[in-house]
Amino acid sequence: MTTAFIADLHLSPGRPDILDAFANFCEQSTGLEALYILGDLFDAWLGDDDSSEFAFQIKSQIKRLSDSGVKIYFMAGNRDFMVGERFATETGITLLPDETVINLYGERVLLMHGDTLCTLDKGYLRYRRVIQNPVVTGVLRNLPLSWRMRIANKLRQSSNSQRPQLTAEQLYKMDAQHPAVLQVMEKHQVNQLIHGHTHRPAIHCFKLSDGTPAKRVVLGDWYTQASVYRASK
């Protein structure tokens, strides 16, 4: 039995190479026991009322994989936090909240998107609190889809224009911070954490405050590779 974990695919019509990689992954993953998508499946998901050909294509691929018997779980990221119950119903997935603990073949494992671990990135965390506030999200859902698309495009352009100018210190502040990792793992009493968001794939081995060996698995993005982490029994 094998369970797979993916994150940060950033699927969009503008990246047909990543769309092809995801389609191939779905076709080849029918033997999985479970698949966990830990956020940013989409470069931007603006609401379950998206009826574009792109949205239909992705939902169809996920539904076929779900219908094959693979249990699919989805945790929202900072780019697709507006994925909702309608999307879940249409694709057969189960929605998970951030900071979910699962039993992975006898071991308690904490799953996160990972953005809340970047505690030095104060500006982003302020933005996150605002944009993901239930009141703000409710207002956004009631805006015409075309308006939401314009807002998303402006936010994306702003983000892309700033990234090339970032210093090494700024990039460090945008990464997961070890004290935050320790805090959340000890809060949930786990010694393994799997998350995405930072686009820095790695397996970090360390010790918790009481000396217990621990592991943090950081999932890779799909900009240059179809990064998948697999755990087997």
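Residues numbered from 1 in each chain as written. Predicted model: local features only at pLDDT ≥ 70, side-chain atom pairs only at ≥ 80, totals over all residues. Heavy atoms only, no water.

Helix and strand content of the protein: eight helices and ten strands. Relative to the 2.2 N^0.38 estimate, which gives 17 Å for 233 residues, the radius of gyration of the protein is 18 Å and therefore close to what a compact globule would have. Along the longest, intermediate and shortest principal axes, the C-alpha atoms of the protein span 50 × 45 × 35 Å. A buried classification covers 47% of the 233 residues belonging to the protein. Across the protein, every contact between residues at least 6 apart in sequence was considered, and the portion connecting residues at least 24 apart equals 69%. On the protein, roughly 11900 Å² of surface is accessible, and the fraction owed to carbon and sulfur atoms is 52%. If the 26 positive side-chain charges of the protein are averaged to one point and the 25 negative ones to another, these points end up 4 Å apart. (Helix = DSSP H or I, 4+ residues; strand = E, 2+ residues; numbered from the N terminus. Rg over C-alpha atoms; globule rule 2.2 N^0.38 Å. Buried < 20%, exposed > 50% of the residue type's maximum accessible area, 1.4 Å probe, protein only. Contact = heavy atoms within 4.5 Å. Areas by Shrake-Rupley, 256 points an atom, 1.4 Å probe, with all protein chains shown as cover. Lys, Arg positive; Asp, Glu negative; His and termini not counted. Charge placed at Lys NZ, Arg CZ, Asp CG, Glu CD.)

In this section: the pairing of strand E3 (residues 71-75). Most of E3 is tucked away: four of the five residues are buried. Note that strand E2 (residues 34-37) and E3 share four bridges and pair parallel. Note that in E3 the partner of Tyr 36 across the bridge is Tyr 73. A crossover connection joins E2 to the parallel E3 through helix H2 (residues 53-67); in handedness this β-α-β unit is right-handed. Once you follow E3 into helix H3 (residues 85-91) and on to strand E4 (residues 94-96), the crossover reads as right-handed. (Pairing = 2+ DSSP bridges. Right-handed = clockwise from strand over helix to strand, strands pointing away.)

So, on to the packing of aromatic side chains. By the definition in use, this model includes nine aromatic pairs. Considering the side-chain rings of Phe 5 and Tyr 229, the 6.1 Å spacing of their centres and the 45° angle between planes classify their relative orientation as tilted. Of this pair, Phe 5 sits in strand E1 (residues 2-6) while Tyr 229 is found in strand E10 (residues 229-232), placing the two residues 224 residues apart along the sequence. With a centroid separation of 4.6 Å and 15° between ring planes, the pair formed by Tyr 36 and Tyr 73 is classed as stacked. With Tyr 36 in strand E2 and Tyr 73 in strand E3, this residue pair connects regions lying 37 residues apart in the sequence. (Phe/Tyr/Trp six-rings, centres within 6.5 Å; stacked < 30°, edge-to-face > 60°.)

The pairing of strands in a sheet happens through backbone hydrogen bonds and is either parallel or antiparallel. A sheet is described by the order of its strands in space; here five strands give the open sequence E5-E6-E7-E9-E8, paired in mixed fashion. Of all strands in the sheet, those with a lone pairing partner are strand E5 (100-104) and strand E8 (202-207), marking the two edges. Ignoring which end each strand starts from, the neighbouring axes of this sheet average 25° apart. Sheet topology note: the strand E6 (residues 107-112)/strand E7 (residues 192-195) ladder contains three bridges and is parallel. (Axes fitted to C-alpha atoms, helices over the stretch in contact; angles between N-to-C directions.)

The packing of two helices is summarised by the inter-axis angle and the distance between the axes. Two elements in contact, helix H1 (residues 16-28) and H2, have axes separated by 9 Å at closest approach and are oriented at 20°. Taken as axis vectors, H1 and H2 run roughly parallel relative to one another. Crossing hand, H1 versus H2: left-handed. Here Leu 19, Phe 22, Ala 23 and Cys 26 of H1 come into contact with H2, specifically with Phe 54, Gln 57, Ile 58, Gln 61, Ile 62 and Leu 65. Residues that form the contact of H1 with H2 fall into these classes: eight nonpolar, two polar and no charged. (Parallel < 35°, antiparallel > 145°, perpendicular 65-115°, else oblique. Left-handed = near helix turned anticlockwise from the far one by under 90°. Nonpolar A, V, L, I, M, F, W, Y, C, P; charged D, E, K, R; others polar.)

Another aspect to go through is the pattern of salt bridges. Two side chains carrying opposite charge are able to pair once their charged atoms lie near each other. This structure, assessed with the given rule, holds ten salt bridges. Asp 175 is the partner of Arg 200 in a salt bridge, and the nearest nitrogen-oxygen pair spans 2.9 Å. You can see Arg 200 sitting in the loop between E7 and E8 and its partner Asp 175 sitting in the loop between helix H7 (168-173) and helix H8 (178-188), a full 25 residues away along the chain. Residues joined in a network through salt bridges with shared partners are Lys 59, Arg 86 and Glu 90. (Salt bridge = Lys/Arg side-chain N within 4 Å of Asp/Glu carboxyl O.)

Below, the discussion takes up the sheet that holds E3. Taken in spatial order, the five strands of this open sheet run E4-E3-E2-E1-E10, and their pairing is mixed. Only two strands of the sheet have a single partner each, and these edge strands are E4 and E10. For this sheet the average axis-to-axis angle between neighbouring strands, irrespective of direction, equals 20°.

At Gln 189, a position not held by glycine, the phi torsion is positive, near 55°. Along the chain, the position of Gln 189 falls in the loop between H8 and E7.

The next subject is the layout of surface pockets. Sizing a probe to match a water molecule and rolling it over the atoms shows the empty space that remains. Computed from the structure, the second largest pocket encloses a volume of approximately 290 Å³. In terms of lining residues, the second largest pocket is bounded by 15 residues, among which Pro 13, Ala 44, Leu 46, Asp 50 and Met 149 are the most central. Broken down by element, the residue count for the lining of the second largest pocket peaks at five residues, all from helix H6 (residues 145-162). Split by residue class, the lining of the second largest pocket holds nine nonpolar, three polar and three charged. (1 Å grid on protein atoms, 1.4 Å probe; cavity = no way out; pocket = protein on both sides within 12 Å on 5 of 7 lines; lining within 4 Å. Points joined across faces, edges and corners; volume = space filled by probe spheres on them.)

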